[in-house]
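# Structural description and commentary
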Amino acid sequence: MSDLVYVIDVESGNLQSLQNAVEKLGYRVKWVKNREQGLEAVDKAQRMILPGVGNFGHFMDELHGRGLADTVLEYIKSGKPLMGICVGLQSIFKGSVESPTAQGLGLIDIRLSRFDDSEKSVPHIGWNGTVLKGQEGDDITKSTPSLYGIDPSQKYYFVHSFAAVLSNETQIQALQGWEYAQAQYGSEKFVAAVAKDNVFLTQFHPEKSGEAGLFVIDSFLKGNKHARISTELASHKTAPGLTKRVIACLDVRTNDAGDIVVTKGDQYDVREKEGSAVRNLGKPVQVAEKYYKQGADEVTFLNITSFRNSPLKDLPMLEILRLTSKTVFVPLTIGGGIRDTVDPATGKVVPALEVADMYFRSGADKVSIGSDAVDAAEKYYANGRKGDGTSPLETISKPYGVQAVVVSIDPKRVYVQSPSDVKHHTFKTKYPGPNGEEYVWYQTTVKGGRETRDLGAYELAQASEALGAGELLLNCIDKDGTNSGFDLELINDIKSAVKIPVIASSGAGRPEHFEEVFTKTTTDAALGAGMFHRDEYTVSDVKKCLQTAGFPTRLT
Ligand code: 1PR
């Protein structure tokens, strides 16, 4: 049998990682981008993958517009194996409330709905468990046959706001004849994977789900529908449900010798106290791989000097992403320099969407916007709380979906005597200021904290959500590099401002700080940098601490 895997490419999101996963498993990818290539695939392909991320309507328009909806249907009819991923799964359903006029392929008569955000963050981002219908309550260590290797004791990476939520009998009836695994987010149960005959679909991203996800892709590629779960994989037991994510963050910049290094500052100052050289904590690709092996749920790269003078095609971060995504099979975020920019090589203005597109094509799953989001938020308020459609937040989230866009906030604490002293949102702090001030607001900054703006972090968070951010990376300059624990007050305040997930950042110095932030706030994820870079603790130490404290955890 040929080692070729035909993959439908409608230029939606990070296909590089899927290619890397397929290649790691010993196969080759052949892209299918138009009807002509689709006809060849129907004729010659022995396996096909239909991946998708982002907006349902945009994805369906591309699929229909390129004549590839017919390709998928003809291919399915031929009886050869097809695997759909994320929006690829969603496209097989009848439609989605996300894009009411867009037609799904209609193989399953269910309309996708949006998760209820009154009780939880939406999008649903992170590692969640699955249960195969009919096997609820089974002891999985007995090694029951699985659905393409999906293991109920493992966690898989989900990122979506819309899902086939199973809330009534009619929906369950619509799945008659299909085998399916369901997952639960808050109180809502939804289809995590579904299969019938030659069709297999996952809502989660197996190519981003570490070794457990690679095993699922491998089972599909080998046609091993009821693969037995290896005892090695089944040996990790953890509490059910969505985990709190533990993220390793790499601040990256060129040092004075011109090398690209991982660095780390104290309150954003990355120079050594003596000699003033940029701190060098290793090479980005190797450091990222180390954290993947330790069990990091995501890896974030922040390009803290944005390499302003690099011609765009040679952006050093592109190569770092390309190399990292070959060995790191968890989500990768890239931040720094995501804005409309002028290419120094050509003098041409390059819109932020094109910059982001280059990163997605190189293996990034999310882009993180810092300074430019502050500018966009200022315009949003000046414009009567409306976007004008031109900010990178809006232009990137439209085609790629909000889940692909993070806003990184770099705030500083400011004390005031009374809320009426400032126009910004304030709250009463447990830790009064130097002159006994009982209230605080958090001032936003740009350019890595070098410039302050007359805008609060609370207001920035709300504007970012309204303009198209799917997640917030909440740093805190006062806490950065202090090893004194996260700023719990700030995190709770920002969580109360938005419905989208928040990543707590700055101040982690011990595994217990992660336990504390997940116990005392409702943050969805927490990020550490210095404590990992200095080899004081591993990501795995943090995971073990969380597991002992009873949190659902993904262990590797
Ligand atoms: O403005 O869109 O070009 O993005 C620039 C990005 O670079 C922003 O995300 C900004 O936070 C980041 N950045 C800029 N300058 C610095 C600096 O340190 N001089 N780093 C910087 C931000 C903060 C965290 C850090 C945590 C955890 N680093 O990400 O990793 O505070 O540290 P800890 O656990 O050791 O306390 P744009």
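Bear in mind that the values here come from a model prediction, so they are computed numbers and not experimental data.

Attention now moves to the overall build of the chain. Within the chain, the regular secondary structure consists of 18 helices and 28 strands. Taken against the 2.2 N^0.38 rule, which gives 24 Å for 556 residues, the C-alpha radius of gyration of the chain at 23 Å falls within 12% of a compact globule. Structurally, the chain occupies a C-alpha span of about 75 × 55 × 45 Å along its principal axes. With 556 residues in all, the chain has 53% of them scored as buried.

On to the sheet that holds strand 5 (residues 93-96). The strand order across the open sheet built from three strands is 5-6-10, with neighbouring strands paired in mixed fashion. Two strands in the sheet have a free side with no partner beyond their single neighbour: strand 5 and strand 10 (162-163).

Turning our eyes to something else, we now look at the site of the ligand. The ligand sits among 32 residues. The nearest are Gly 370, Ser 371, Ser 408, Gly 448 and Gly 530. At the level of secondary structure, the elements contributing two or more residues to the shell around the ligand comprise strand 14 (245-254), strand 20 (366-369), helix 12 (371-382) and strand 28 (525-528). Among the residues making up the shell around the ligand, the classes are represented as 10 nonpolar, 17 polar and five charged.

Another aspect to go through is the nonpolar core. Core analysis: the largest hydrophobic core is formed by 166 residues, its most contacted members being Val 299, Val 367, Val 405, Leu 472, Leu 474, Ile 503 and Ala 526. When residues no more than four places from it in sequence are discounted, the contact partners of Leu 474 are Ile 409, Leu 490, Ile 491, Ile 494, Val 502, Ile 503, Ala 504 and Ser 505.

A few words on the packing of helix 11 (residues 352-361) against helix 13 (residues 392-400). As a packed pair, helix 11 and helix 13 sit with axes 9 Å apart at the nearest point and diverge in direction by 45°. Here helix 11 is positioned oblique relative to helix 13, judged by the angle of their axes. Helix-helix and strand crossings are classified by hand; for helix 11 and helix 13 the assignment is right-handed. Touching Ala 352, Leu 353, Ala 356 and Phe 360 of helix 11 are Pro 392, Thr 395, Ile 396 and Tyr 400, all from helix 13. Here the residues of the contact of helix 11 with helix 13 are counted per class, giving seven nonpolar, one polar and no charged.

With that settled, the discussion passes to the sheet that holds strand 11 (residues 179-185). Taking strand neighbours across the sheet as the criterion, the eight strands line up as 2-1-3-4-13-12-11-8 in an open arrangement whose pairing is mixed. Since the sheet does not close on itself, it has two edges, and those belong to strand 2 (28-32) and strand 8 (131-132), each with one partner. Running over the sheet, helix 1 (residues 16-24) touches strand 1 (4-8), strand 2 and strand 3 (48-52) and is turned about 145° from strand 2.

Let us look at the pairing of strand 4 (residues 82-86). Counting buried residues along strand 4, five of its five residues qualify, which places the element largely inside the surrounding structure. As paired elements, strand 3 and strand 4 share five bridges and run parallel to each other. Directly across from Met 48, in strand 4, lies its bridge partner Leu 82. The pairing of strand 4 with strand 13 (residues 199-202) spans four bridges and is classified as parallel. Within strand 13, the residue paired with Met 83 across the bridge is Phe 200.

So, about the domain arrangement of the chain. Along its sequence, the chain is organised into domain 1 (4-234) and domain 2 (245-406 + 444-548). Here the C-alpha centroids of domain 1 and domain 2 sit 29 Å apart. Between domain 1 and domain 2, the contact holds 26 residues from the first and 26 residues from the second. Looking at the side of domain 1 that touches domain 2, the elements that each hand over two or more residues are helix 1, strand 7 (124-128), strand 9 (156-160) and helix 7 (210-221). In terms of residues, the side of domain 1 that touches domain 2 owes the most to one element, helix 1, which gives four residues.

Right, let's talk about the confidence of the model for the chain for a bit. Taken residue by residue, the chain gives an average pLDDT of 93. The fraction at 70 or more is 95%. Both scores are available for the predicted complex, with the pTM at 0.95 and the ipTM at 0.98.

What follows covers helix 12. Between its first and last C-alpha atoms helix 12 spans 17 Å; for 12 residues at 1.5 Å apiece the expected length is 16 Å, and the two agree. At its buried positions, helix 12 is contacted by strand 20, helix 13, strand 21 (405-409), strand 24 (439-446), strand 25 (451-456) and helix 14 (457-467). At the exit of helix 12 stands Gly 384, carrying a positive phi of roughly 70°.

Below, the discussion takes up the UniProt feature "binding site: L-glutamine" (unreviewed entry) in the chain. As recorded in UniProt, the feature "binding site: L-glutamine" (unreviewed entry) lies at Cys 86. Note that Cys 86 resides in strand 4. When residues no more than four places from it in sequence are discounted, the contact partners of Cys 86 are Pro 51, Gly 52, Val 53, His 160, Gln 203 and His 205.

Let us now look at the pairing of strand 9. Most of strand 9 sits out of view: five of its five residues are buried. Burial of strand 9 is two-sided: the residues Tyr 156, Phe 158 and His 160 facing one way and the residues Tyr 157 and Val 159 facing the other way are all buried.

What follows covers the environment of Val 42. When you line up the elements, Val 42 lands in helix 2 (residues 35-44). With 20 C-beta atoms packed within 10 Å, Val 42 lands in the buried category. In sequence terms Val 42 and Val 72 are 30 residues apart; their C-alpha atoms lie 8.1 Å from each other. Excluding residues that lie within four positions of it along the chain, Val 42 makes contacts with Thr 71, Glu 74, Tyr 75 and Ser 78.

All right, on to the environment of Gly 126 then. Locating Gly 126 in the fold gives a position in strand 7. Taking the C-beta count within 10 Å as the criterion, Gly 126 has 24 such neighbours and is therefore assigned buried. C-alpha of Gly 126 to C-alpha of Val 10: the two residues are 116 residues apart in sequence and 25 Å apart in space.

Conventions we followed
- Every residue gets a number counted from 1 within its own chain, in the order that chain's sequence is written.
- Where local features are concerned, this predicted model is filtered to residues with pLDDT of at least 70; where side-chain atom pairs are given and counted, the filter is 80 or more; whole-chain, interface and lining totals use all residues.
- Secondary structure follows DSSP: runs of H or I at least 4 residues long count as helices, runs of E at least 2 residues long count as strands, and numbering of each begins at the N terminus.
- Radius of gyration: C-alpha atoms only; globule rule: 2.2 Å multiplied by the number of residues to the exponent 0.38.
- Here a residue counts as buried when 20 or more other C-beta atoms sit within 10 Å of its C-beta, as exposed when there are 12 or fewer, and as partly exposed otherwise, the C-beta atoms being derived from the backbone.
- Pairing between strands requires that DSSP locate at least two bridges from one strand to the other.
- Nearness here has a simple definition: the residue's C-beta atom, placed using the backbone, must lie within 6 Å of the molecule or strand.
- When residues are grouped by polarity, Ala, Val, Leu, Ile, Met, Phe, Trp, Tyr, Cys and Pro land in nonpolar, Asp, Glu, Lys and Arg in charged, and all others, Gly among them, in polar.
- Only buried Ala, Val, Leu, Ile, Met, Phe, Trp, Tyr and Cys residues enter a nonpolar core, and they are joined through C-beta atoms within 7 Å.
- Once C-beta atoms are placed from the backbone, any two residues with those atoms within 7 Å are in contact.
- The axes used here are C-alpha line fits, helices contributing only the stretch in contact, and every angle between their N-to-C directions lies in the interval 0 to 180 degrees.
- Throughout this description, any angle smaller than 35 degrees is read as roughly parallel, any larger than 145 degrees as roughly antiparallel, any in the 65 to 115 degree range as roughly perpendicular, and the remainder as oblique.
- Whether a crossing is left-handed or right-handed is set by the direction in which the near helix is turned from the far one by less than a right angle, anticlockwise for left-handed and clockwise for right-handed.
- The domain boundaries here were taken from an automatic or database domain assignment.
- Confidence of the prediction at every residue is given by pLDDT, a number between 0 and 100.
- To estimate how far a helix should reach, multiply one less than its number of residues by 1.5 Å.
- UniProt positions are given in the numbering used here, feature names are shortened, and annotations may be inferred rather than shown by experiment.

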